[in-house]
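Each chain, letter by letter, is given below.
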Amino acid sequence: MSDDEIVAYFARHGYRVTVDQIAFTSESMDDFRDARSGTWWKAGKMRLNEPGLLRIEDAQPRPDQRTRDIIVVSFGAARAVMGVDVKPGAPPLRPGDATCRYAPTMEWLAPAAKVVAAASGKVAKRA
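Reading the values: the criteria
Residues numbered from 1 in each chain as written. Predicted model: local features only at pLDDT ≥ 70, side-chain atom pairs only at ≥ 80, totals over all residues. Heavy atoms only, no water. Buried < 20%, exposed > 50% of the residue type's maximum accessible area, 1.4 Å probe, protein only. Helix = DSSP H or I, 4+ residues; strand = E, 2+ residues; numbered from the N terminus. Pairing = 2+ DSSP bridges. Phe/Tyr/Trp six-rings, centres within 6.5 Å; stacked < 30°, edge-to-face > 60°. Core = buried A, V, L, I, M, F, W, Y, C linked by side-chain atoms within 4.5 Å. Contact = heavy atoms within 4.5 Å. Salt bridge = Lys/Arg side-chain N within 4 Å of Asp/Glu carboxyl O.

J.: Tell me about the pairing of strand β1 (residues 22-25), and name the residues and values.
T.: Here β1 shows two buried faces, one formed by Ile22 and Phe24 and the other by Ala23 and Thr25. Sheet analysis places β1 next to strand β5 (residues 78-82), joined by 4 bridges and oriented antiparallel. Counterpart to Ile22 in the pairing with β5 is Met82.

Here is the structure:
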């Protein structure tokens, strides 16, 4: 499907989004179902629960996030997810990036800065 067709699909469910507000992942539909029931702060109301479509209203995956609607649509090998919380300073969502995991936290973070271990200046003793 093209970006326009995916955006139109969400519009048919009553949500006006751009493709930049949709996350793409290889996580399974069951990953989202399991996270909702076992990890999310407030599970929300399940409005649609079909093999390739989840529609959850008033969910709050983490206590520090706002309540929102979430839709997960399966397109074969990838899922399109509306409702991922984009943190300030995070890079734009990359359409087609199926490596990110969203189900447990439903958030897109800025890349973590690599921590470089500083040398302590101590010399190890030899036995």
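There's plenty left to go through after this.
J.: Summarise the packing of aromatic side chains; cite the residues concerned and give the values.
T.: All chains considered together, the criterion is met by 3 aromatic pairs. Note on Tyr9 and Phe75: the rings are 6.2 Å apart at their centroids and 75° apart in plane angle, and the pair reads as edge-to-face. Residue Tyr9 is found in helix α1 (residues 3-12), and its partner Phe75 is found in strand β4 (residues 68-75); the two are separated by 66 residues along the sequence. By relative accessible area, which is 29% here, Phe75 ends up partly exposed. A ring pair is formed by Tyr102 and Trp108, whose centres lie 5.9 Å apart and whose planes are at 25°; its orientation type is stacked. What makes Tyr102 buried here is its relative accessible area of 2%. Grouped by ring-pair contacts, the aromatic residues Tyr9, Phe10 and Phe75 constitute a single cluster.

J.: Give a description of the nonpolar core that names residues and reports values.
T.: Core analysis: the largest hydrophobic core is formed by 18 residues, its most contacted members being Phe32, Val81, Tyr102 and Met106. Mapped by element, the contributors of at least two residues to this core are α2 (29-38), β3 (53-59) and β4. Aside from chain neighbours lying at most four places away, what touches Phe32 is Thr25, Glu27, Leu54, Val72, Val81, Tyr102, Ala103 and Met106. Counting 13 residues, the second largest nonpolar core, distinct from the first, contains Phe10, Ile22, Val73 and Ala80.

J.: Just give me the short version of the pattern of salt bridges, but keep the residues and values in it.
T.: Within this structure, the stated rule accounts for 9 salt bridges. Across the pair Asp58 and Lys45 runs a salt bridge whose closest N-O atoms are separated by 2.8 Å. In this pair, Asp58 is assigned in strand β3 and Lys45 in strand β2 (residues 45-50), connecting sequence segments 13 residues apart. Using a relative accessible area of 39% as the deciding quantity, one classes Asp58 as partly exposed.

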